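Architecture and fold: a report
Each chain, letter by letter, is given below.
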Amino acid sequence: MQIKPEAAVLPADPSQLPQGKYGPVYPRTPACYGFTIIATLKPGRAEAMRVYGQTLAAALEADPYLLAPLKLHYLRWVLFDGDTRFMYQGIFDTDFDKYTEDAVALFSKAGVDTAFENLEGFPEDWRTNPEAFVRFVREHHCPSFLEYGEYPYVSTDEIKRALQVKDAFSTMLDQLQ
């Protein structure tokens, strides 16, 4: 099997995309699905955002599979412009509609807050009003115009299986020595 890196250019006009439950459905790219949100922090909330990041990291240490339903490849959070603005980048295996519905359900079920509560304009009723959550994300989404994948279109499940096979193979070779 040869893995050939790929790139995809996304359309500048999202009206050309098929429409899903919550608006345009961006296509799966070699990097899978994802979105980037850039929003303004509520005044004085930068430290709360950092603490939330620490809380999430601790929760993941206690339960490494906490976010597993989201099928995430990675998340990146950035505070910038003197800690007044926030960027959220996520790459995942499901389309936008499913990801956002799963995120609302996951956080609501776990009874935890979301870091987005520190952002200006984020709906207070997000737990019971997924449409308001989605509207906020859509309004703050900055679509990419190029996405690249070194191992294109590979899901998190495929990566985990490949690593398990590699580990099993290494164990077998160690036992032969």
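The following refers to the structure shown. (Residues numbered from 1 in each chain as written. Predicted model: local features only at pLDDT ≥ 70, side-chain atom pairs only at ≥ 80, totals over all residues. Heavy atoms only, no water.)

1. Description of the packing of aromatic side chains
Per the stated rule, a full pass over the model turns up 16 aromatic pairs. An angle of 70° between the planes, with centres 5.6 Å apart, marks the rings of Phe35 and Phe92 as edge-to-face. With Phe35 in strand 4 (residues 33-40) and Phe92 in strand 6 (residues 85-92), this residue pair connects regions lying 57 residues apart in the sequence. With relative accessibility at 5%, the residue Phe35 sits in the buried group. Owing to a relative accessible area of 1%, Phe92 belongs among the buried residues under this scheme. Both rings, one in Phe92 and one in Tyr99, keep their centres 3.8 Å apart while their planes meet at 10°; by these two values the pair is stacked. Just as Phe92 is buried, Tyr99 falls in that class too. One cation-aromatic arrangement involves Arg138 over Phe96; the distance from NZ or CZ to the ring centre is 3.8 Å. (Phe/Tyr/Trp six-rings, centres within 6.5 Å; stacked < 30°, edge-to-face > 60°. Helix = DSSP H or I, 4+ residues; strand = E, 2+ residues; numbered from the N terminus. Buried < 20%, exposed > 50% of the residue type's maximum accessible area, 1.4 Å probe, protein only. Lys NZ or Arg CZ within 6 Å of the ring centre and 35° of its normal.)

2. A short note on the sheet that holds strand 5 (residues 72-80)
With antiparallel pairing, three strands are arranged side by side in an open sheet as 4-6-5. Looking at strand neighbours, the two that pair on one side only are strand 4 and strand 5, the edges of this open sheet. Going from strand to strand, the sheet's axes swing by 10° on average, the running direction of each strand aside. Taken together, the eight bridges between strand 4 and strand 6 define a ladder with antiparallel strand orientation. Opposite Ala39, over in strand 6, you have Phe86 as the bridge partner. Across the sheet, helix 1 (residues 46-62) is in contact with strand 5 and strand 6; its angle to strand 5 comes to roughly 155°. (Pairing = 2+ DSSP bridges. Axes fitted to C-alpha atoms, helices over the stretch in contact; angles between N-to-C directions. Contact = heavy atoms within 4.5 Å.)

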